[in-house]
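Spelled out from the first residue to the last, the chains are:
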Amino acid sequence: MDFNVKKLASGAGVFFTRAVQFTEEKLGQAEKTELDPHLENLITRADCTKNWTEKILRQTEVLLQPNPIDHTGARIEEFIYDKLDKKIPSRVTNAELLGQYMLDAAKEFGPGTPYGSTLITVGEYQRRLGGAEREFLQTSAMTFLTPLRNFLEGDWRTISKERRLLENRRLDLDICKARLKKAKLAEAKAAASPDFQETRPRNYVLSASASALLSEEVDKAEHELRVAQTEFDRQAEVTRLLLEGISSTHLNHLRCLQDFAEAQATYYAQCHHYMHELQRELNRCANAAGAPHSTDVCPNPVSSAFLSGPSSPGPTVSSSSGQKPSSLTMEQTQLPVTGARRAKVLYDYDAHDASELSLLADELITVYTVPGMDPDWLVGERGNEKGKVPVTYLELLS
């Protein structure tokens, strides 16, 4: 118990001395040891990295989960599972829930009724959209959010701890410098005092004893300064090595950012693909039911890509004849070609009718457009095969 009290008192004394030194430096009453310029630049860069990482992390969380206090308690649940170090269970997305409600409603209204069958169609695609969203959220959390959190909660905490220790070592060093300066000043004053000029033996002995004490005090202060300088240099080196690791952090976050953008692009491409398919299904159902002016109410994106311009020569197709406008083949559409170029296929694509061209990922095809064509589509050629292809599935090459 006595030892703990002494240790506590000693720690309090050190803290008070550092506080006094820090205050005097702020008031300009004490000298301050400046850090190496390279180390100062590393510290500034690290602070910038930490601040912007926090902002990007928070805004990405808002993007992926806009409403943290919805009925699912999404982000609150994630926080709890993260603190418990447990895997977050798979959660139903809002689109999947909407799709399930539509399917349940279709059972009540009757799957064979026009409204019921349409509810089933839309509900199934809502579930697909929800599944794509869930996969995107999981991928983004694993490849982007988790590395950012790991940096803030792991590496940055270690860096902050070592920086605080470096600041304490610097304060101790400046305290030792001030102490040595005072000891040397006292020794110089004693050497210049009249007592050292006395010739009487008694005064001479007293002056020699005081001089020895002052000299001993100077030696002690010099020793403490050397120890403090060594500890400061060692801590500065440790801190420098940690701060230089920020470059590796930037490289890691760069890869994570690329993965996040890739996941986002895949998600939006899937949504675009599903919505085009849903439009086709709705128009196919409407045409099969013989609904009047159905194509005017909800135009087929496939047929609008070729029929929105001037009427092309060749057989005309009536919407009441039972044959879908999208069944026009490429040979029946004789329009001038513009801007032919090469393109790389990004994803597999299955043609939905004879006017489209099926694609395989990573293959190269020739694409071009025709007057009046939907900007979301191009005409693609592969050997003797020709058909429409979606732009979102392509990377145009120069």
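Residues numbered from 1 in each chain as written. Predicted model: local features only at pLDDT ≥ 70, side-chain atom pairs only at ≥ 80, totals over all residues. Heavy atoms only, no water.

This next bit is on the overall build of the chain. For the chain, the count of helices and strands is 9 helices and 5 strands. Ordering the α and β elements of the chain from the N terminus gives α-α-α-α-α-α-α-α-α-β-β-β-β-β. Across the 398 residues that make up the chain, the buried fraction comes to 33%. Accessible area of the chain: about 24,600 Å², with a carbon and sulfur share of 57%. (Helix = DSSP H or I, 4+ residues; strand = E, 2+ residues; numbered from the N terminus. Buried < 20%, exposed > 50% of the residue type's maximum accessible area, 1.4 Å probe, protein only. Areas by Shrake-Rupley, 256 points an atom, 1.4 Å probe, with all protein chains shown as cover.)

Let's shift gears to helix α2 (residues 37–64). A rise of 1.5 Å per residue sets the reference length of α2, with its 28 residues, at 40 Å; its end C-alpha atoms lie 40 Å apart and thus fit the reference within 8%. Every buried residue of α2 is accounted for by L39, L42, I43, A46, T49, K50, T53, L57, T60, E61 and L64. One side-chain oxygen at the N-terminal end of α2 lies 2.9 Å from the backbone nitrogen of H38; it belongs to D36. (Expected span 1.5 Å × (residues − 1). Polar contact = N/O pair within 3.5 Å; in protein donor to acceptor, adjacent residues only side chain to side chain.)

Under the definition given, this model contains 8 aromatic pairs. A ring pair is formed by Y347 and Y393, whose centres lie 5.7 Å apart and whose planes are at 90°; its orientation type is edge-to-face. With Y347 in the loop between β1 (338–345) and β2 (364–369) and Y393 in the loop between β4 (385–390) and β5 (394–396), this pair connects stretches of sequence that are 46 residues apart. The class for Y393 is buried, based on a relative accessible area of 6%. Here the aromatic rings of Y349 and Y393 are separated by 5.1 Å at their centres, their planes lie at 65°, and the arrangement is edge-to-face. Here the residue Y349 occupies a position in the loop between β1 and β2, and Y393 occupies one in the loop between β4 and β5, the gap between them amounting to 44 residues. In textbook terms, an aromatic cluster arises when at least three aromatic residues are bridged by ring pairs, as seen for F136, F144, F260, Y267 and Y268. (Phe/Tyr/Trp six-rings, centres within 6.5 Å; stacked < 30°, edge-to-face > 60°.)

Further remarks concern the environment of D374. Mapped onto the elements of the fold, D374 is located in the loop between β2 and β3 (377–382). Since its relative accessible area comes to 16%, D374 is described here as buried. Placed 16 residues apart in sequence, D374 and P390 show a C-alpha to C-alpha distance of 9.8 Å. Engagement of the side chain of D374 in a polar contact is seen with the backbone nitrogen of D376, the distance being 2.9 Å.

Attention shifts here to unusual backbone geometry. The backbone of D362 sits at a positive phi, close to 80°, despite the residue not being glycine. Examined against the element boundaries, D362 turns out to sit in the loop between β1 and β2. Judged by relative accessible area, which is 57%, D362 ranks as exposed.

Everything listed here is a matter of geometry and, on its own, says nothing about what the molecule does.
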